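Chains, contacts and geometry: an overview
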Amino acid sequence: MFIDNVALTLSSGKGGPGSVSFRREKHVIQGGPDGGDGGRGGNVYFQIDKNTHTLSHFRNNQHLKAKNGEAGMGRKMYGKMGEHLVVTVPPGTQVLDAETGEILLDLLEDTDKKLFLEGGMGGLGNTHFKSSTNQRPEFAQPGRPGMTKAIKLELKLIADVGLVGFPNVGKSTLISVLSNAQPEIANYEFTTLTPKLGVVVTDDFRSYVMADIPGIIEGASEGKGLGIEFLRHIERTKFLLFMVDLANYRDLKEQYYTLKQELRKFSEKLALRDYAIALTRCDTLSPEETNEKVDQFLKLLDLEANGFASKYKVREDLHSYCQDVHERERALPFFVMPISSVSKINIDPIKYALSDVITKVRDEKSSS
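All of the points below concern the structure found in this document. (Residues numbered from 1 in each chain as written. Predicted model: local features only at pLDDT ≥ 70, side-chain atom pairs only at ≥ 80, totals over all residues. Heavy atoms only, no water.)

1. Section: the sheet that holds strand 7 (residues 114-117)
The mixed open sheet is built from three strands, whose spatial order is 4-2-7. The strands lining the two open edges of the sheet, one partner per strand, are strand 4 (85-89) and strand 7. For this sheet, the mean inter-axis angle between neighbouring strands, taken without regard to orientation, is 35°. Bridge count for strand 2 (residues 44-48) against strand 4 is five bridges, and the pairing is parallel. Paired with Phe46 across the strands is Val87, a residue of strand 4. (Pairing = 2+ DSSP bridges. Helix = DSSP H or I, 4+ residues; strand = E, 2+ residues; numbered from the N terminus. Axes fitted to C-alpha atoms, helices over the stretch in contact; angles between N-to-C directions.)

2. Section: the pattern of salt bridges
One pass over the structure, following the stated rule, counts twelve salt bridges. In this structure, the salt-bridge partner of Arg281 is Asp245, at a minimum N-O distance of 2.5 Å. Remark: Asp245 occurs in strand 12 (residues 239-245) and Arg281 occurs in the loop between strand 13 (275-280) and helix 5 (287-300); sequence separation between them is 36 residues. On the basis of relative accessibility, which here comes to 31%, the residue Arg281 falls in the partly exposed class. Using a relative accessible area of 0% as the deciding quantity, one classes Asp245 as buried. Linked through salt bridges whose partners overlap, the residues forming this network are Asp274, Arg328, Arg330 and Glu364. (Salt bridge = Lys/Arg side-chain N within 4 Å of Asp/Glu carboxyl O. Buried < 20%, exposed > 50% of the residue type's maximum accessible area, 1.4 Å probe, protein only.)

3. What about the sheet that holds strand 11 (residues 206-212)?
One open sheet holds the seven strands; their spatial order is 10-11-9-12-13-15-14, and the pairing between them is mixed. Edge positions in the open sheet fall to strand 10 (196-203) and strand 14 (321-322), since each of these has one partner strand only. Taken together, the seven bridges between strand 10 and strand 11 define a ladder with antiparallel strand orientation. Looking across to strand 11, one finds that Leu197 is bridged to Ala211. Each of strand 9 (161-165), strand 10, strand 11, strand 12, strand 13 and strand 15 (335-338) touches helix 6 (residues 347-367); the most contacted strand, strand 11, lies at about 100° to it. (Contact = heavy atoms within 4.5 Å.)

So, in structure tokens, the structure goes:
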């Protein structure tokens, strides 16, 4: 089961009470107080686990508590500290305040544990309260209470390439062909109900992660369809691949501009992300019909077919557009390429073109 948001209540441990105790050995005259301090309550930490990809393990346990500290004992023995609570989450999880929506933690890197709530201090034993006027203190401090916080966890998948398109345009088929992902594929809309991640391997030392999200329809940014629930998963992607269907009843212009508009409504930052365009299901048309549609679409973008994509060994009888990866204009698509995942048309070219541009984007981000 995939769960990408969950409400939780977290509590750190209460401190243990101090002890009221007196020395009573036979040969110790007026031994005095010897009550030990209570142990501190356990802390609450968050820790990333790269082997975890869902928040589903929280669905049946939504109030998590660290252990309380143990009480102090006689002979100045301190109580044991309460066991810490370590909340394990997948990379890309945000911790939000349940009341205000404020982002408290943004857990991206696989780093050490991050402290979230501190446990309560243990109470002082009666040995601390002995004085010249009170040689026999018969009281000790109670432990201080822990902290409780109502939060929401939201998972935003971390991927290099995010697939964006209307329902049933071939996103799931493409990710199944390029990567190790095995999404459900069927000839009806909204077969993808949850986001899917796939690792695309190009050689022994290069790979990238591709994310498939449910199809986006007009009004998705306002809550229509399933897209709004999962648009946040492509917020973290480094690169967007628009999937525009050559055989869809919607024309190419309508598909492309609707997708761009919905992204812009959801996030201006996301709308400015580097991108490319795959024109899918080209095997349903003849090469002449495909070229006619590709040329019309390129004209819409003030572009023309060129030979730059030949380095990726695209099919020579099909028109395409590509930029030089080292001198690309980010406002323009890196490539516009007709593909067919079923017939394997231009699948290797798109795989290696994406690998080149992802490598370049990574280098740019690391140097900035």
